[in-house]
Amino acid sequence: MVRGAMKPGQRTLVLVFPAPGPVMSERSSNLEQAAKVVPGLGLVMKASQDKRDLEASQDLQRYLPPWQPAALFYPGLMRALAAGGLPGPLAAPAEAGLTDEDMRKLNYAQDVSDWQLRYFVRGAGPEPPPRSYRRFPALADDLVLEVNLACGAPSDGEGDWTPELSGVLKLYQASDMALLWRHEETVNDPSGARSTVEFKRLPAELVARWQALMPQLAERLAASLRQSLQQAGATLPAEALPAGAR
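Just so it is clear, the structure is predicted and the values come from calculations on it, not from any experiment.

Asker: Looking at this structure, I do not really get the overall build of the chain. What am I missing?
Answerer: Along the chain, the regular secondary structure elements total 7 helices and 6 strands. Going residue by residue from the N terminus, the α and β elements of the chain occur as β-β-α-α-α-β-α-α-β-β-β-α-α. Here the chain holds 246 residues, and 46% of them are scored as buried. For the chain, the exposed surface amounts to about 12,500 Å²; the carbon and sulfur share of it is 54%.

Here it is as structure tokens:
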């Protein structure tokens, strides 16, 4: 984070955008890894793996109960950010005039794979234009801290999938869409590893494990932001600093 990225008193709008489905990823076999170093063949193998991951995600999605990961994650994130202290006040979407429809449009994606390419994975290919906050005049003087939230279950390559929760933070200056900072964190629950058959039979358990990981992810994201601000020389409220740093 560059020095002066967050100015004293400047409002920060906090937005959480969830993936449109579970992010499944299967570990490649040694043969697939070797194929990736062969020109042309590697692209074919990657496309095959991406297709397999998307199909696994869409298959599991059919079994999951209705739930709102962003709504469940948001309160804990705001508490963690507030406890860490920022140079200026925090604001929720409604406070800045953003509607549910605005949030839906800002999180557009064709499917979970497309969502990852657009908002989540750095260097995954030609990057589409970022979400545009410039079209909201009320945000002209604000910073936007967006959290891209992915509930996933990577495979160990032997049939078990581990519940995982990941967040990619991006800090923008709304007026010109300058990306001021980017950071990502992942937490997982090895004790919750199951086969896809078990996840489909007990989908509520998988959702509960994702939800149980939310406080840990929120704390990590808030801590990483606080650390980066301190390294950039930002002035933080004294009560938010560790005792030895006051």
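Asker: How do you make sense of unusual backbone geometry when you look at a structure like this?
Answerer: The phi torsion at Met177 lies on the positive side, around 60°, for a residue other than glycine. Note on placement: Met177 falls in the loop between strand E5 (164-173) and strand E6 (178-188).

Asker: In this structure, what is going on with the packing of aromatic side chains? I would like to understand it.
Answerer: The description of two aromatic rings rests on the distance between their centres and on the angle between their planes. The full count for this structure, using the stated rule, is 4 aromatic pairs. Note on Trp67 and Trp210: the rings are 5.9 Å apart at their centroids and 10° apart in plane angle, and the pair reads as stacked. One end of the pair, Trp67, is in the loop between helix H2 (41-61) and helix H3 (69-84); the other, Trp210, is in helix H7 (residues 203-231), with 143 residues separating them in the sequence. The residues Trp67 and Trp210 share a single accessibility class, namely buried. Through pairs of rings, three or more aromatic residues link up here, namely Trp115, Tyr119 and Phe120. Lying over the aromatic face of Phe17, Arg131 brings its terminal NZ or CZ to 3.8 Å of the ring centre. Lying over the aromatic face of Tyr119, Arg131 brings its terminal NZ or CZ to 3.7 Å of the ring centre.

Asker: Which parts of the structure should I look at to understand the nonpolar core?
Answerer: Soluble globular proteins: nonpolar side chains tend toward being buried together. Grouped together as the largest cluster of nonpolar side chains are 43 residues, with contacts concentrated most on Val16, Phe73, Leu77, Leu165 and Leu225. The set of elements that each furnish at least two residues to this core consists of strand E1 (12-18), H3, strand E4 (143-154), E5, E6 and H7. With 11 residues, the top contributor of residues to this core is H7.

Asker: Where do I start with the packing of H3 against H7 in this structure?
Answerer: When two helices pack together, their arrangement is given by the angle between their axes and by how far apart the axes lie. Interaxial distance between H3 and H7 falls to 8 Å at its minimum, and their mutual angle equals 35°. The two elements H3 and H7 meet at a crossing, and its hand is right-handed. In this structure, H3 uses Pro69, Leu72, Phe73, Gly76, Leu77, Ala80, Leu81 and Gly84 to contact H7, whose residues at the interface are Gln211, Met214, Leu217, Ala218, Glu219, Leu221, Ala222, Leu225 and Arg226. The residue makeup of the contact of H3 with H7, split by class, is 12 nonpolar, 3 polar and 2 charged.

Asker: Would you mind showing me how to read the environment of Pro18 here?
Answerer: Mapped onto the fold, Pro18 is located in strand E1. Along the primary structure Pro18 and Ala71 are separated by 53 residues, whereas in three dimensions their C-alpha atoms are 9.4 Å apart. With residues near it in sequence (within four places) discarded, Pro18 still touches Pro69, Ala70, Asn107, Trp115 and Leu149.

Asker: What exactly am I supposed to notice about the pairing of E4 here?
Answerer: When you tally the buried positions in E4, you get 11 out of 12 residues, the bulk of the element. Examined bridge by bridge, E1 and E4 share 7 bridges and lie parallel to one another. Bridging across to E4, Val16 finds its partner in Val147. Looking at chain direction, strand E2 (residues 23-25) and E4 are connected through 3 bridges and run parallel. Opposite Val23, over in E4, you have Gly152 as the bridge partner. When E4 meets E5, the two strands line up antiparallel, connected through 10 bridges.

Asker: What's the story with the environment of Phe17 in this structure? I'm lost.
Answerer: When you line up the elements, Phe17 lands in strand E1. Measuring from C-alpha to C-alpha, the distance between Phe17 and Tyr74 comes to 9.9 Å, with 57 residues separating the pair along the chain. Excluding residues within four positions of it along the chain, Phe17 makes contact with Met103, Leu106, Asn107, Trp115, Arg131, Tyr133, Glu146, Val147, Asn148 and Leu149.

Asker: Whenever I open this one, helix H5 (residues 112-120) confuses me. Can you help?
Answerer: Side chains that are three or four residues apart share a direction in an α-helix, a result of its 3.6 residues per turn. When H5 is considered as a whole, its buried residues turn out to be Val112, Asp114, Trp115, Gln116, Tyr119 and Phe120. The N-cap residue of H5 is Asp111: its side-chain oxygen and the backbone nitrogen of Ser113 are 3.0 Å apart.

Calculation criteria
Residues numbered from 1 in each chain as written. Predicted model: local features only at pLDDT ≥ 70, side-chain atom pairs only at ≥ 80, totals over all residues. Heavy atoms only, no water. Helix = DSSP H or I, 4+ residues; strand = E, 2+ residues; numbered from the N terminus. Buried < 20%, exposed > 50% of the residue type's maximum accessible area, 1.4 Å probe, protein only. Areas by Shrake-Rupley, 256 points an atom, 1.4 Å probe, with all protein chains shown as cover. Phe/Tyr/Trp six-rings, centres within 6.5 Å; stacked < 30°, edge-to-face > 60°. Lys NZ or Arg CZ within 6 Å of the ring centre and 35° of its normal. Core = buried A, V, L, I, M, F, W, Y, C linked by side-chain atoms within 4.5 Å. Axes fitted to C-alpha atoms, helices over the stretch in contact; angles between N-to-C directions. Left-handed = near helix turned anticlockwise from the far one by under 90°. Contact = heavy atoms within 4.5 Å. Nonpolar A, V, L, I, M, F, W, Y, C, P; charged D, E, K, R; others polar. Pairing = 2+ DSSP bridges. Polar contact = N/O pair within 3.5 Å; in protein donor to acceptor, adjacent residues only side chain to side chain.

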